[in-house]
Amino acid sequence: KQEVTQIPAALSVPEGENLVLNCSFTDSAIYNLQWFRQDPGKGLTSLLLIQSSQREQTSGRLNASLDKSSGRSTLYIAASQPGDSATYLCAVYTGANSKLTFGKGITLSVRP
Amino acid sequence: DAGVIQSPRHEVTEMGQEVTLRCKPISGHDYLFWYRQTMMRGLELLIYFNNNVPIDDSGMPEDRFSAKMPNASFSTLKIQPSEPRDSAVYFCASSLWIWRVGGPGDTEAFFGQGTRLTVV
């Protein structure tokens with residue numbers, strides 16, 4: 001059974017800092033990994049999708065990496081801003097039937 | 001496309017009542033997922049469909065929960081009878097699986113805004 005872990009559960013940083021959010025998964029036989037952002041009381045917004053054959057994806061100030069063999073992914077946020085404050089969740093697709101398993105997320109607070 | 005559409009956005013009901021949550025996936029998507037989110041347990045997959053057929057309902061907590069997908073553009077999640085511990089945010093998501101010759105497929109999940117259910 002696939003398990004996805006995100007540690008720590010919460011993180012507070014000053015504005016401008018570069019930061020890394022971690023995600024680990026137990027079953028390396030994934031098809032892809034997706035990072036989401038969730039604002040309080042809102043739905044999930046897809047940030048980045050990394051296919052199993054890829055090592056990283058970039059979008060603006062965000063860079064996500066994937067090391068499938070070690071069961072790890074990181075989301076790098078450059079020059080953090082207060083508007084980046086949200087919960088970040090990673091999810092992996094496992095199995096031919098496209099089952100998406102989530103971590104519990106990391107709640108990020110960027111202080112002005 | 002307007003994205004995944006869920007209704008209602010908020011639902012408050014009394015214990016014992018039947019609750020029906022609705023979802024319209026993105027047109028053309030062949031997978032539909034129902035998730036439940038709580039502070040304690042995070043996002044839990046309840047059930048998912050492929051081409052309107054339920055594939056895995058092992059996450060459905062009890063027989064009080066049922067889900068249907070009568071056609072490619074509509075799905076419901078029903079709770080009967082509802083209990084206070086069912087209070088949570090319920091999300092629907094859809095995706096399109098693209099198979100690639102000689103390699104793994106490619107897909108990206110898109111979520112609705114969720115239905116916040118409160119059972120009193």
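Below you will find a few notes about this structure. (Residues numbered from 1 in each chain as written. Chains lettered and ligands numbered in written order. Predicted model: local features only at pLDDT ≥ 70, side-chain atom pairs only at ≥ 80, totals over all residues. Heavy atoms only, no water.)

**Points about the sheet that holds strand β7 (residues 62-67) of chain A**
As a general point, the strands of a sheet are linked pairwise by backbone hydrogen bonds and lie either parallel or antiparallel.
All names here are of chain A.
Part 1 of the argument: Read across the sheet, five strands follow the order β1-β3-β8-β7-β6 without closing on themselves; strand pairing throughout is antiparallel. Two strands lie at the open edges of the sheet, namely β1 (4-5) and β6 (56-59), each paired on one side alone.
Part 2 of the argument: As paired elements, strand β3 (residues 19-25) and strand β8 (residues 72-77) share six bridges and run antiparallel to each other. Counterpart to Leu21 in the pairing with β8 is Leu75. (Pairing = 2+ DSSP bridges. Helix = DSSP H or I, 4+ residues; strand = E, 2+ residues; numbered from the N terminus.)

**Some details on the sheet that holds strand β3 (residues 19-24) of chain B**
Residue and element names in this part refer to chain B.
Part 1 of the argument: Strand order in this open sheet of four strands is β1-β3-β8-β7, and the pairing throughout is antiparallel. Pairing within the sheet leaves two strands with one partner each, and these edge strands are β1 (5-7) and β7 (65-71). Neighbour to neighbour, the strand axes of the sheet diverge by 15° on average, direction disregarded.
Part 2 of the argument: Looking at chain direction, β7 and strand β8 (residues 74-79) are connected through five bridges and run antiparallel. (Axes fitted to C-alpha atoms, helices over the stretch in contact; angles between N-to-C directions.)

**Observations concerning the pairing of strand β9 (residues 88-95) of chain B**
Residues and elements named next belong to chain B.
Part 1 of the argument: The buried fraction of β9 amounts to eight of the eight residues, a majority that puts the element mostly inside the structure.
Part 2 of the argument: Side chains Ala88, Tyr90, Cys92 and Ser94 project from β9 onto one buried face, and the interleaved Val89, Phe91, Ala93 and Ser95 project onto a second face that is buried too.
Part 3 of the argument: When strand β4 (residues 31-38) meets β9, the two strands line up antiparallel, connected through seven bridges. Note on β9: the bridge partner recorded for Gln37 is Val89.
Part 4 of the argument: As paired elements, β9 and strand β13 (residues 115-119) share three bridges and run antiparallel to each other. By the bridge assignment for β13, Ala88 is matched with Leu117.
Part 5 of the argument: Inspection of the sheet shows β9 paired to strand β12 (residues 110-111) by two bridges, in the antiparallel sense. Note on β12: the bridge partner recorded for Ala93 is Phe111. (Buried < 20%, exposed > 50% of the residue type's maximum accessible area, 1.4 Å probe, protein only.)

**Observations concerning the side chain of A:Arg37**
Residue and element names in this part refer to chain A.
Part 1 of the argument: Among the structural elements, Arg37 can be located in strand β4 (residues 30-38).
Part 2 of the argument: Engagement of the side chain of Arg37 in a polar contact is seen with the backbone oxygen of Gly83, the distance being 2.7 Å.
Part 3 of the argument: Non-local contacts of Arg37, meaning those with residues more than four positions away in its chain, are made with Gly43, Leu44, Thr45, Leu47, Gly83, Asp84, Ser85, Ala86, Thr87 and Tyr88. (Polar contact = N/O pair within 3.5 Å; in protein donor to acceptor, adjacent residues only side chain to side chain. Contact = heavy atoms within 4.5 Å.)

**A word on the pattern of salt bridges**
Part 1 of the argument: This model, assessed by the stated rule, comprises 10 salt bridges over all chains.
Part 2 of the argument: For the salt bridge of A:Asp39 with A:Arg37, the shortest nitrogen-to-oxygen distance reads 3.0 Å.
Part 3 of the argument: Taking relative accessible area as the criterion, A:Asp39 reaches 27% and is therefore assigned partly exposed.
Part 4 of the argument: Looking at A:Arg37, the relative accessible area reads 18%, which means it is buried.
Part 5 of the argument: Among the salt bridges present, the one from B:Arg64 reaches B:Glu83, with a minimum N-O distance of 3.5 Å. In this pair, B:Arg64 sits in the loop between β6 (53-56) and β7 while B:Glu83 sits in the loop between β8 and β9, placing the two residues 19 residues apart along the sequence.
Part 6 of the argument: The partly exposed category is assigned to B:Glu83, whose relative accessible area is 23%.
Part 7 of the argument: Three or more residues joined by partner-sharing salt bridges are found here, namely B:Glu62, B:Arg64, B:Glu83, B:Arg85 and B:Asp86. (Salt bridge = Lys/Arg side-chain N within 4 Å of Asp/Glu carboxyl O.)

**A short note on unusual backbone geometry**
All names here are of chain B.
Part 1 of the argument: Omega for the bond connecting Ser7 with Pro8 falls within 30 degrees of zero, at -10°, which places this linkage in the cis form.
Part 2 of the argument: Here Pro8 is to be found in the loop between β1 and β2 (10-13).
Part 3 of the argument: Here the residue pair Gln80 and Pro81 is connected by a cis peptide bond, since its omega of -5° sits within 30 degrees of zero.
Part 4 of the argument: Within the element layout of this structure, Pro81 appears in the loop between β8 and β9.
Part 5 of the argument: In this model, Asn51 sits at a positive phi of 50°, which is unusual for a non-glycine residue.
Part 6 of the argument: By the secondary structure assignment, Asn51 is in the loop between β5 (42-50) and β6.

**Here we look at the nonpolar core**
Considering soluble globular proteins, one finds that nonpolar side chains tend to be buried as a cluster.
Residue and element names in this part refer to chain A.
Part 1 of the argument: In this structure, Leu21, Leu33, Trp35, Leu75, Ile77 and Tyr88 are the most contacted members of the largest nonpolar core, which totals 23 residues.
Part 2 of the argument: Going through the elements one at a time, β3, β4, β5 (44-51), β7, β8, β9 (86-94) and β11 (106-111) are the ones with two or more residues in this core.
Part 3 of the argument: In contact with Leu33, not counting residues within four places along its chain, are Cys23, Phe25, Leu48, Leu49, Ile50, Leu66, Ser73, Cys90, Ala91 and Val92. (Core = buried A, V, L, I, M, F, W, Y, C linked by side-chain atoms within 4.5 Å.)

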